[in-house]
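Fold and contact review
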Amino acid sequence: MNFVKNRMTEEQNDKAPLVSVVIPCYNCEEFIQKAVTSALEQTYANIELILVDNNSTDGTSAILKRLEQEHSGKIHSYAEVVNGACAARNHGLYKAAGDWIQFLDADDELLPDKVEGQLQIALAAKTDVVVSDYCKVGAKQKSASPKKVVVEDDPWLGLINSALGVTSALLWRKENLLAVNGWDATLSSSQEYDLLFRLLTQGAKVSIDHRARTIIYGRPESVSRTGSADKLQQVLLNRYDLRRRIYDFLSEKEMLQPVYKKQLDAYLYYHLLLISEMNMPYFKEQVKSNEFGDIGIVDKLKVFSEFIRHSSKRKYGYSNKLLKLAEWQYFFCKNLYLLRF
């Protein structure tokens, strides 16, 4: 296997902090090699790989053991019996010897300068988390033509609007992760944003990197694309609950700037509209208790229009333009009554 030449000299490597790349692995025999290779080909040399098998039923376990043998001392493989990527990430976090953690999903890839570039930023700024732009390849894309996703410069706005990166695109200081007990393995979604929120509440410093250093591949089986109404409702409730916690924290600390409040109100109202399709009593209760009086009628209609566009009840949302327009008009009129609550 031909690897790119590492730019670090042996002397630099001895002084450089160790970075642990933690990869949770579940039935990923088709693509784990690509993720591992992207980590091994980093221009930053002082790296270890922690591969955690999470109850795979295909040939993943055998591949991980082979990789560990082929790269003895560089790659370490473990097994986690508790289901879920968060449990596997926590297992890897506690096994990691590095001061810095690079979590990498098994179907994503790091570009060659990912670790080196972000670690330079972290050390220069004395920061705790580096958040960067990333390239995304959609699950339905026929060609691997990535689209760049740009993160927010303000960490709190990024957290509110789901624009603070994704798991594989970040670099984390291990000390801070341990201080907040790592990932919440009980959550079914919004895990990285829950973790980022807990880090921010503890005063973690975030640096923004606008170079895209990671390729994220969309997953057809993603929980946010689930066909199960119960699972979709839980995803929406997780998102809603996190923004309520953000709202309460910023209010308590007198950090709730007008722009934060406006974005939070819009986010909360939009997700309540989505939840109304599955749980109308909860929608009515929360709209009443939140009193979205600060949302003007124009902004409210914009949010309502977005809700109609993403309604789970629509059948032709991604079909031809005539069907799409007619259906949008039908659902808009049908659901106008929600605005009175």
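Provided above is the structure to which this section pertains.
The shown structure was predicted, so the numbers you read here are calculated from the model rather than taken from an experiment.

**Some thoughts on the overall build of the chain**
For the chain, the helix and strand inventory stands at 13 helices and eleven strands. Taking all 341 residues of the chain together, 49% fall into the buried category. A separation of at least 24 residues holds for 77% of the contacts in the chain among residues at least 6 apart in sequence. When the accessible area of the chain is evaluated, it comes to approximately 17200 Å², of which 51% is carbon and sulfur surface.

**Comments concerning the pattern of salt bridges**
Inspection of every chain in the model, using the stated rule, returns 14 salt bridges. Taking the shortest distance from any N to any O, the salt bridge between K148 and D133 comes out at 3.6 Å. Of this pair, K148 sits in strand β8 (residues 147-149) while D133 sits in the loop between β6 (129-132) and β7 (134-137), placing them 15 residues apart in sequence. Here D241 and R245 are joined by a salt bridge, their closest N and O atoms 3.9 Å apart. Highlighted residues: D241 and R245, both in helix α9 (residues 229-252), separated by four residues, approximately one helical turn. According to the relative accessible area criterion, D241 is partly exposed, its value standing at 41%. What you see here is one network of salt bridges that share partners, running through D113, D209, R211 and R213.

**Brief notes about the environment of L123**
Among the structural elements, L123 can be located in helix α5 (residues 114-125). You can call L123 partly exposed: its relative accessible area is 45%. On a C-alpha basis, the gap between L123 and P17 in space is 9.9 Å, while along the polypeptide they are 106 residues apart.

**As for the packing of aromatic side chains**
Counted under the stated rule, the structure contains twelve aromatic pairs. Ring geometry for Y337 against F341: centres 6.3 Å apart, planes inclined by 80°, an arrangement best described as edge-to-face. The rings of F103, W172 and W183 are connected pair by pair, giving a single aromatic cluster. Over the ring of W183 we find R89; its NZ or CZ atom is 4.5 Å from the centre of that ring. A cation over a ring is seen here: R244 above Y247, with NZ or CZ 4.9 Å from the ring centre.

**Some remarks on the sheet that holds strand β11 (residues 214-217)**
Across the sheet, which stays open at both edges, the four strands sit in the order β5-β11-β7-β8 with mixed pairing between neighbours. The open sheet has two free edges, formed respectively by β5 (109-110) and β8, since each of these has just one partner strand. Pairing of β5 with β11, which is carried by two bridges, proceeds in the antiparallel orientation. Bridged to E109 within β11 is I215.

**Concerning the nonpolar core**
Grouped together as the largest cluster of nonpolar side chains are 63 residues, with contacts concentrated most on W156, L159, W172 and I246. When residues no more than four places from it in sequence are discounted, the contact partners of W156 are F197, L200, I246, F249, L250, M255 and Y260. Within the second largest apolar cluster, 28 residues are counted, among which are A39, Y44, I47 and L119.

**Some thoughts on the packing of helix α12 (residues 297-309) against helix α13 (residues 321-334)**
Between α12 and α13, the least distance of the axes is 9 Å, while the angle of their chain directions is 125°. Classified by the angle their axes make, α12 and α13 are oblique. Every pair of crossing elements has a handedness; the one defined by α12 and α13 is right-handed. Every residue of α13 that contacts α12 at L301, F304, S305, I308 and R309 is listed here: W328, F331 and F332. Taken together, the residues of the contact of α12 with α13 break down into six nonpolar, one polar and one charged.

**Brief notes about the packing of α9 against helix α11 (residues 280-290)**
Two measures define how a pair of helices packs: the angle their axes make with one another and the distance between the axes. As a packed pair, α9 and α11 sit with axes 14 Å apart at the nearest point and diverge in direction by 15°. With respect to α11, the axis of α9 lies roughly parallel. Handedness of the crossing formed by α9 with α11: left-handed. Contacts between α9 and α11 pair L237, Y240 and R244 from the former with Y282, Q286 and N290 from the latter. Across the contact of α9 with α11, the residue classes tally to three nonpolar, two polar and one charged.

**Remarks on the sheet that holds strand β2 (residues 47-53)**
Backbone hydrogen bonds are what pair the strands of a sheet, in a parallel or an antiparallel way. Reading across from one edge, β3-β2-β1-β4-β9-β6-β10 is the order of the seven strands in this open sheet, with mixed pairing throughout. Only two strands of the sheet have a single partner each, and these edge strands are β3 (75-79) and β10 (206-209). Direction aside, the axes of adjacent strands within the sheet are offset by 25° on average. Bridge count for β6 against β10 is four bridges, and the pairing is parallel. Across the sheet, S132 pairs through a bridge with D209, a residue of β10. α5 contacts β1 (19-25), β2, β4 (100-103), β6, β9 (171-173) and β10 of the sheet and is inclined by roughly 140° relative to β4. Running at roughly 40° to β9, helix α8 (residues 191-201) makes contact with β6, β9 and β10 of the sheet.

Calculation notes
Residues numbered from 1 in each chain as written. Predicted model: local features only at pLDDT ≥ 70, side-chain atom pairs only at ≥ 80, totals over all residues. Heavy atoms only, no water. Helix = DSSP H or I, 4+ residues; strand = E, 2+ residues; numbered from the N terminus. Buried < 20%, exposed > 50% of the residue type's maximum accessible area, 1.4 Å probe, protein only. Contact = heavy atoms within 4.5 Å. Areas by Shrake-Rupley, 256 points an atom, 1.4 Å probe, with all protein chains shown as cover. Salt bridge = Lys/Arg side-chain N within 4 Å of Asp/Glu carboxyl O. Phe/Tyr/Trp six-rings, centres within 6.5 Å; stacked < 30°, edge-to-face > 60°. Lys NZ or Arg CZ within 6 Å of the ring centre and 35° of its normal. Pairing = 2+ DSSP bridges. Core = buried A, V, L, I, M, F, W, Y, C linked by side-chain atoms within 4.5 Å. Axes fitted to C-alpha atoms, helices over the stretch in contact; angles between N-to-C directions. Parallel < 35°, antiparallel > 145°, perpendicular 65-115°, else oblique. Left-handed = near helix turned anticlockwise from the far one by under 90°. Nonpolar A, V, L, I, M, F, W, Y, C, P; charged D, E, K, R; others polar.

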